[in-house]
Number of protein chains: 2
Amino acid sequence: MNDKFYELPPEKQQRILNAAMEVFGLNEYKRASTDLIAVKAGVSKGLLFYYFYNKKELYLFLFHYVADIMRKQIVNQKFQKITDFYELLAYSAVEKAKILEKNPYILEFAVKAFYSDKEDVSEDLKKMTTDQIKNVYAEYFAHLDLSKFKEDANPMYVYKMLVWMADGYMHDMKMNGKPVETDVLMKEFNTWMRMLKKLTYKEEYQDENHRD
Amino acid sequence: MNDKFYELPPEKQQRILNAAMEVFGLNEYKRASTDLIAVKAGVSKGLLFYYFYNKKELYLFLFHYVADIMRKQIVNQKFQKITDFYELLAYSAVEKAKILEKNPYILEFAVKAFYSDKEDVSEDLKKMTTDQIKNVYAEYFAHLDLSKFKEDANPMYVYKMLVWMADGYMHDMKMNGKPVETDVLMKEFNTWMRMLKKLTYKEEYQDENHRD
DNA sequence: TCTTAGATTGACCGTCCTGGTCAATCCCTT
DNA sequence: AAGGGATTGACCAGGACGGTCAATCTAAGA
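Report on the accompanying structure.

What counts and how
Residues numbered from 1 in each chain as written. Chains lettered and ligands numbered in written order. Predicted model: local features only at pLDDT ≥ 70, side-chain atom pairs only at ≥ 80, totals over all residues. Heavy atoms only, no water. Near = heavy atom within 4 Å. Polar contact = N/O pair within 3.5 Å; in protein donor to acceptor, adjacent residues only side chain to side chain. Helix = DSSP H or I, 4+ residues; strand = E, 2+ residues; numbered from the N terminus. Contact = heavy atoms within 4.5 Å. Least-squares fit on C-alpha atoms with pLDDT ≥ 70 in both. Salt bridge = Lys/Arg side-chain N within 4 Å of Asp/Glu carboxyl O. Buried < 20%, exposed > 50% of the residue type's maximum accessible area, 1.4 Å probe, protein only. Nonpolar A, V, L, I, M, F, W, Y, C, P; charged D, E, K, R; others polar.

### Here's the deal with the protein's contact with DNA strand C
Among the 19 residues in the neighbourhood of DNA strand C, the closest are listed as A:K12, A:Y50, A:Y51, B:T34 and B:K55. If you look at DNA strand C and keep only atoms within 4 Å of the protein, 57% of those are sugar or phosphate atoms. Between a phosphate oxygen of DNA strand C and a side-chain N or O atom of B:S33, the distance comes to 3.5 Å. Within the side chain of B:K45, one N or O atom sits 2.8 Å away from a base nitrogen of DNA strand C. Of all the secondary-structure elements, those providing two or more residues to the surface near DNA strand C are α3 (45-51) of chain A together with α2 (34-41) and α3 (45-51) of chain B.

### Brief notes about the environment of B:N27
Inspection of the secondary structure puts B:N27 in the loop between α1 (10-26) and α2. A C-alpha to C-alpha distance of 9.2 Å links B:N27 and B:F109, two positions 82 residues apart in sequence. If near-sequence neighbours (up to four positions away) are discounted, B:N27 is found in contact with A:N27, A:R31, B:A32 and B:K112.

### Considerations on the relation of the copies chain A and chain B
Expressed as a screw transformation, the operator carrying chain A onto chain B has a rotation angle of 180° and an axial translation of 0.1 Å, and the superposed copies differ by an RMSD of 0.1 Å. Each copy turns onto its partner about a two-fold axis.

### Regarding the pattern of salt bridges
All chains considered together, the criterion is met by 18 salt bridges over all chains. Note that B:K45 is salt-bridged to B:D35, the shortest N-O span being 3.4 Å. Separated by 10 residues along the polypeptide, B:K45 in helix α3 and B:D35 in helix α2 bring together distant segments of the chain. The exposure class of B:K45 is partly exposed, given its relative accessible area of 35%. B:D35 gets classed as partly exposed once you look at its relative accessible area, which sits at 45%. Linking B:K148 and B:D84 is a salt bridge whose minimum nitrogen-to-oxygen distance equals 2.8 Å. You can see B:K148 sitting in the loop between α9 (130-142) and α10 (155-175) and its partner B:D84 sitting in the loop between α5 (77-81) and α6 (85-102), a full 64 residues away along the chain. Taking relative accessible area as the criterion, B:D84 reaches 4% and is therefore assigned buried. Put simply, A:D68, A:R71 and A:K72 are held in one network by salt bridges that share partners.

### Some details on the protein's contact with DNA strand D
Near DNA strand D there are 19 residues, and of these A:T34, A:K45, A:K55, B:Y50 and B:Y51 occur at the shortest range. Counting only the atoms of DNA strand D that lie within 4 Å of the protein, the sugar and phosphate share comes to 60%. B:R31 is positioned such that a nitrogen or oxygen atom in its side chain is 2.9 Å from a phosphate oxygen of DNA strand D. Here a phosphate oxygen of DNA strand D and a backbone polar atom of B:S44 are 3.0 Å apart. Contributions of two or more residues to the surface near DNA strand D are made by α2 (34-41) and α3 of chain A together with α3 of chain B. When grouped by side-chain class, the residues that make up the surface near DNA strand D number seven nonpolar, six polar and six charged.

What follows is the structure, encoded as structure tokens:
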């Protein structure tokens, strides 16, 4: 791709990336039209191909862009220092919300990108798929003190429940055309967390307060 | 449409409907190709147009088909007799799972159909949208005895949480290529329900058993 | 004010895919 | 074997596709 893309005003860069993520996220590769991307980005098709020489390059750029964001979210220092399960969840929920505010279609793009056939796109993507994504969980849980959980509680379970609820909530908001406001989401999220904490933590740990 | 469609072997009917729901569910109307539908249904394009005279008719047929399924799920007698919140949820979860087993792409289709612009499709659909869907909630809660809830618990909230988790669970399964088995899903679902019941029901009601 | 180099446009191209048609075949019943 | 409906796929005209490029716009330096 053309490095001059990075010299564009950040707002314009983002507009282009978001438009591309939207179209690739909502349609599969072959049916995702560069015309539509250009229109949604408010930019001529010519310009799109001036920065990204062809469709496949644009797609691959997005792929790495998204993978990068995900990687950065996890290999972040503050992240590594948190040992309390619920505290980590609260923290990463905030991070996730920030990312989603900036990249509204990143989830749709990621789902389509990582979980579909990719028949059309280059081979080197097939390496970075399900297996690596599953590793994310391992890394995510690596530094946690899970001894606070009751014997019969399953942290992975709790994790997934909260993720599903947050996704469902955000999905609901989107459907109703309302933007997801980070602080409102966090209030909800904290309620859910408090409930689950009560159910899954040993009594002596239930009343720990979260820092903020 | 051609009424002879109903005389086809039910398995073939379903194959065609599923293929169509998949393609319409995954692409927006204009970009949903009848070629693809025919291929996915294992049927020639000619036949598709023999039963449904054109694309719009096929789409409208699907729309009513789906709306019908949803309506039937709710206006079902057994449904009306259940007064316990959690019992109703358990029951309707089973129903939903059955429907999804038979119509794997019904959710995707419904979401796209009810929540997108419909610029391309006939006007008469715009009536039957968000408003009516919101009414579903009202009807859903109409016969319930909500006095079993603690003062500070919000039933709508609990409802949504469980729906989100079930959707998330099913989504996860689909991503990993595993079919959603009704009984496994129900075991999960019951666990979540028991947890939430403990948190939200007044103590004297917490230990009621569900019938099955 | 003029020059110029780079950013940006949109009309344009050949190709492929689209919704839709239909004569030809297949398959079943009689 | 004959008849009729079910089914096929080659075929069509038009549109959308990825991609190109000469023409224009913009801004900064002279």
